[in-house]
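As a plain string of letters, each chain reads:
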Amino acid sequence: MGMAEAVRKRLLDLCDDRGITVNRMCYLSAVPQSTVNNFLNRKTNNLGIITLKKLIDGLGLSITDFFDTEAFRQ
């Protein structure tokens, strides 16, 4: 699994775990939903570090917590 795919899966898993929609995650993060949809739907593989940081903050995680999974250790 590549890095972009691992980030996609992690974001979707976190939404699932918290019982929120992608739309809600975008709202909490102040990130346009079209930006996230383009990434999740594989129209782009480049989410951008600033955008990813906003999403992580909106989910109430630190960067360390976000990347602390087996997928990112491989």
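In short, a report on the structure. Everything numeric in this text was worked out from a predicted model, so none of it was measured.

**What about the pattern of salt bridges?**
Point 1. What the rule picks out here adds up to 6 salt bridges.
Point 2. As a salt-bridge pair, Arg8 and Glu5 come within 3.1 Å of each other at their nearest N and O atoms. You can see Arg8 and its partner Glu5 sitting in helix α1 (residues 3-18), 3 residues apart, about one turn around the helix.
Point 3. By relative accessible area, which is 3% here, Arg8 ends up buried.

**Let's talk about unusual backbone geometry**
Point 1. We note that Ala30 has phi near 60°; this positive angle belongs to a residue other than glycine.
Point 2. Mapping Ala30 onto the fold places it in the loop between α2 (22-29) and α3 (33-40).
Point 3. Here Ala30 falls in the exposed class, since its relative accessible area comes to 63%.
Point 4. Despite not being glycine, Arg42 shows a phi value in the positive range, around 65°.
Point 5. As for its placement among the helices and strands, Arg42 is situated in the loop between α3 and α4 (49-58).

**Digging into the nonpolar core**
Point 1. Val7, Leu11, Met25, Val36 and Phe66 are the most contacted members of the largest nonpolar core, which totals 21 residues.
Point 2. For this core, the elements supplying multiple residues, two or more each, are α1, α2, α3 and α4.
Point 3. Top element by residues in this core is α1. It accounts for 6 residues.
Point 4. In contact with Leu11, not counting residues within four places along its chain, are Met25, Phe39, Leu47, Leu55, Leu59 and Phe66.

**Here we look at the environment of Val36**
Point 1. When you line up the elements, Val36 lands in helix α3.
Point 2. Beyond its immediate sequence surroundings of up to four residues, Val36 is in contact with Val22, Met25, Cys26, Val31 and Leu55.

**Some remarks on α1**
Point 1. The terminal C-alpha atoms of α1 lie 23 Å apart, and with 16 residues this matches the ideal 22 Å at 1.5 Å per residue to within 8%.
Point 2. All of the buried residues along α1 are Ala4, Ala6, Val7, Arg8, Arg10, Leu11, Leu14 and Cys15.
Point 3. Those residues of α1 that are buried lie in contact with α2, α3, α4, α5 (63-67) and α6 (70-73).
Point 4. Gly19 sits one or two positions beyond α1 and adopts a positive phi of about 70°.

Analysis parameters
Residues numbered from 1 in each chain as written. Predicted model: local features only at pLDDT ≥ 70, side-chain atom pairs only at ≥ 80, totals over all residues. Heavy atoms only, no water. Salt bridge = Lys/Arg side-chain N within 4 Å of Asp/Glu carboxyl O. Helix = DSSP H or I, 4+ residues; strand = E, 2+ residues; numbered from the N terminus. Buried < 20%, exposed > 50% of the residue type's maximum accessible area, 1.4 Å probe, protein only. Core = buried A, V, L, I, M, F, W, Y, C linked by side-chain atoms within 4.5 Å. Contact = heavy atoms within 4.5 Å. Expected span 1.5 Å × (residues − 1).

By themselves, these are just geometric observations and shouldn't be taken as functional.
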